[in-house]
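# Structure assessment
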Amino acid sequence: MSLSPLNAISPIDGRYRSKAEALAPYFSEEALIKYRVQVEIEYFIALCEIPLPQLADFDATLFDKLRAIYLNFSSEDALKIKDIESITNHDVKAVEYFIKEQFDALDIAKYKEFIHFGLTSQDINNTAIPLSIKEAMNDVYVPEYFSVVNKLKELVEEWAEIPMLARTHGQPASPTRLGKEINVFVVRLEEQLALLNDIPSAAKFGGATGNYNAHKVAYPKIDWKEFGGQFVQKKLGLYHSFPTTQIEHYDHMAALFDTLKRINNILIDLDRDVWTYVSMDYFKQKIKKGEVGSSAMPHKVNPIDFENSEGNLGIANAIFEHLAAKLPISRLQRDLTDSTVLRNVGVPFGHTIIGFKATLKGLNKLLLNDAKFAQDLENNWAVVAEAIQTILRREGYPNPYEALKGLTRTNEKITQSSISNFIDTLEVSEEIKDELKVITPSNYTGI
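This one's a predicted model, so the numbers in the text were calculated from it and none came from an experiment. (Residues numbered from 1 in each chain as written. Predicted model: local features only at pLDDT ≥ 70, side-chain atom pairs only at ≥ 80, totals over all residues. Heavy atoms only, no water.)

### Observations regarding the overall build of the chain
Scanning the chain for helices and strands turns up 19 helices and six strands. In terms of overall size, the chain is more extended than a compact globule, its C-alpha atoms giving a radius of gyration of 31 Å where 447 residues would be expected to give roughly 22 Å. With the principal axes as the frame, the chain shows a C-alpha extent of 100 × 55 × 40 Å. Counting the 447 residues in the chain, one finds 47% classified as buried. Here the analysis covers contacts within the chain between residues at least 6 apart in sequence; of these, 77% occur between residues at least 24 apart. Here the chain has roughly 22,600 Å² of accessible surface; of this, 52% comes from carbon and sulfur atoms. Placing the 49 positive and 61 negative side-chain charges of the chain at their respective mean positions leaves the two points 3 Å apart. (Helix = DSSP H or I, 4+ residues; strand = E, 2+ residues; numbered from the N terminus. Rg over C-alpha atoms; globule rule 2.2 N^0.38 Å. Buried < 20%, exposed > 50% of the residue type's maximum accessible area, 1.4 Å probe, protein only. Contact = heavy atoms within 4.5 Å. Areas by Shrake-Rupley, 256 points an atom, 1.4 Å probe, with all protein chains shown as cover. Lys, Arg positive; Asp, Glu negative; His and termini not counted. Charge placed at Lys NZ, Arg CZ, Asp CG, Glu CD.)

This is how it looks when you write it as C-alpha cells:
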C-alpha cells in the first residue's frame, strides 16, 4: 500500500497533511538523512581547512561540489541511503558509505577515509537534529506564531474601546474592555517568545565519549576542543556543549520544549476563553455557504476551530513534556532511548502548527455581537458598587463597604434606578452624588 493522506496512521500526515507539510523538510526521515549528510560534508571540509596533513593537497575548488551533495539532495539519494542501511543496519554508517560513493564519482577516493574521521554517530545526530529544529523554528514555527499574534494585535486595536462585563469565578465582576483582555494574551505570548530566543540551539561534538579520544591519538598537537567549538558554532551556527558524554545532555532542548509548551498553554487558555464568549453569545461566527454545523441540528455554528486547536495543542504538550523530561536522562555515558524518542520530535511541532492555524482560522471567523455586550453590562449594575464605595472611602464616609454590601449582596435585581436611589440616601454633598451617578457599568473600565 503506497502512503497517502487517506491511509496514513497519523493525522499529521493524513487529515491534516496540508496544514503540517511545511515541516516535512525538517522532520521527515528524508530530512534527517539530508541533515546528516550536510554535517558529514561540512565536517570533512573543516578538516581540509585545518588542514590535516593528508588533506593539505585537497583542491578547495571542489568544496562547492561537495556541498552540492546535500544542497541538491533528492528523494532518490535518500532511498539509496536507506538501501545501504538495509545492509549495514546502521543509519549513520549508511550516510558515510553514501558519501564515499560520491567521492568515488568525483575521483577523490583517496580522501574518503576522512569522512566521519574520529566521530561517533551521535556527533552527527546531535548536530543534525538541533540544526533541523533551529531551522524549522525560524522557517515555519516563528512565522505561524506571528500570524496568530499579529491577528490578536489587530483585534486589540479593533476592540480597544468595547466595554465588557468581566467575570471572576464565573460571576459578574468589575467591567473591563475586550481589547485589553485580548492584549493580556498578546503580552503573555510575547514574553514567552523572548524567553525562547534566549535558549541556545545546543549540539554535542566530541567523539565516542565526548573527549576527542580518536582525534587526539591520531593528531595530538591539534587543539580538537577548539576545532569542535569552531565547527559547531561557525560552520553550523549552533552552540557547542562541552563537556558531554557520548550524547548531548539535551538540557537546552528540554528548555525549548518547555517554553513551546507554555506558549501552547497560553493559546489553550485563549481558545477556552473565546469558546466561552461564543457560548455567551458575545461573538457570532461567519457562516460559510455549504458548511454543516451539526448532523442533526441545522441551526448550529459550532466553535470547532478553537476546539480543534485546544485538542492539537494538548497532544503537542503531552509529547513536548515527555521529551523535556526524558531526554536529559541517560544511563552512564549513554543509552539509546534519546535516539528513539527524538525520531518523534516533529510530531509535537506538527500538532502545534495545526493548533496555531486552527486558532487563527477561528479568530478570523469572529463577529462581534455588540448588543450582547451592552445587555450584560446593563443587567449588572451591581458591579459599580466597588466604584461607589471606593469614592466614599476617599471622602471618609463611615463603613462604605458595608453599606454597599447591604445594598448589593441580595437576590434582588440591582438596576440603575436602585443605585441612583441609594446614592440619594447618602449623607454626602450634591457634587459627590453627581460624581457617583455618572458611573455606569459601561464606563467603569479602568485604564
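### Re the pattern of salt bridges
Summed over all chains, the structure comprises 31 salt bridges. Note that R67 and E42 form a salt bridge whose closest N and O atoms lie 2.8 Å from each other. Highlighted residues: R67 in helix α4 (residues 63-71) and E42 in helix α3 (residues 29-49), separated in sequence by 25 residues. The buried category is assigned to E42, whose relative accessible area is 6%. Residues D424 and K437 are paired through a salt bridge, measuring 2.6 Å at the closest nitrogen-oxygen approach. Residue D424 is found in helix α18 (residues 416-425), and its partner K437 is found in helix α19 (residues 430-437); the two are separated by 13 residues along the sequence. A cluster of three or more residues bridged by salt bridges with shared partners is formed by E29, R36, K82, E85, D91 and R343. (Salt bridge = Lys/Arg side-chain N within 4 Å of Asp/Glu carboxyl O.)

### Some remarks on the pairing of strand β1 (residues 163-168)
Examined bridge by bridge, β1 and strand β2 (residues 171-177) share five bridges and lie antiparallel to one another. Residue pairing in the sheet places A166 in a bridge with A173 of β2. The antiparallel pairing of β1 with β2 creates a hairpin that spans two residues between the two strands, and H169 there sits at a positive phi of about 60°. (Pairing = 2+ DSSP bridges.)

### Some words on the nonpolar core
Ranked by size, the top nonpolar core spans 130 residues in total, and within it V37, F44, L66, I133, F257 and F349 carry the most contacts. In terms of residue count, the dominant contributor to this core is helix α7 (residues 121-158) (15 residues). If near-sequence neighbours (up to four positions away) are discounted, V37 is found in contact with I69, Y70, F73, I81, V95 and I99. (Core = buried A, V, L, I, M, F, W, Y, C linked by side-chain atoms within 4.5 Å.)

### Some remarks on the packing of aromatic side chains
The full count for this structure, using the stated rule, is 26 aromatic pairs. Plain terms: the ring middles of F44 and F103 are 4.9 Å apart, the flat faces sit at 85° to each other, and that makes the pair edge-to-face. Taken together, the positions of F44 in helix α3 and F103 in helix α6 (residues 91-105) put the pair 59 residues apart, joining distant regions of the chain. With respect to class, F44 is no different from F103; both count as buried. When the centroid spacing of 6.3 Å and the interplanar angle of 5° are considered together, the rings of F227 and F231 count as stacked. Residue F227 and its partner F231 are located together in helix α10 (residues 224-235), separated by four residues, close to a single helical turn. Owing to a relative accessible area of 11%, F227 belongs among the buried residues under this scheme. (Phe/Tyr/Trp six-rings, centres within 6.5 Å; stacked < 30°, edge-to-face > 60°.)

### What about a positive patch on the surface?
A cluster of basic side chains, namely R15, K19, K288 and K361, defines a positive patch on the protein surface. Assignment of secondary structure puts K19 in helix α1 (residues 17-20). (Patch = residues over 30% accessible without salt bridge, like charges linked within 9 Å, V, L, I, M, F, W, Y side chains within 5 Å.)

### Description of the environment of I353
In this structure, I353 sits in helix α14 (residues 346-364). The buried category is assigned to I353, whose relative accessible area is 2%. Separated by 333 residues in the primary sequence, I353 and A20 have C-alpha atoms spaced 6.4 Å apart.

### Brief notes about the packing of α3 against α7
Helix-helix packing: each pair is described by the crossing angle between the helix axes and the interaxial distance. At their nearest, the axes of α3 and α7 sit 9 Å apart, and the two run at 115° to each other. Viewed along their axes, α3 and α7 form a crossing whose handedness is right-handed. Facing α3, whose interface residues are L32, Y35, R36, Q38, V39 and E40, α7 presents D123, I124, N125, T127, A128, I129, L131, S132 and E135. (Axes fitted to C-alpha atoms, helices over the stretch in contact; angles between N-to-C directions. Left-handed = near helix turned anticlockwise from the far one by under 90°.)

### Examining unusual backbone geometry
Cis rather than trans, the peptide bond between I50 and P51 has omega equal to -10°. With respect to the secondary-structure elements, P51 resides in the loop between α3 and α4. The amide bond that connects F242 to the next residue, P243, takes the cis arrangement and shows omega of 0°. Inspection of the secondary structure puts P243 in the loop between β4 (239-241) and α11 (251-279). The backbone of Y212 sits at a positive phi, close to 55°, despite the residue not being glycine. Locating Y212 in the fold gives a position in the loop between β3 (202-204) and α9 (213-218). Residue classification places Y212 among the buried residues on the basis of a relative accessible area of 3%.

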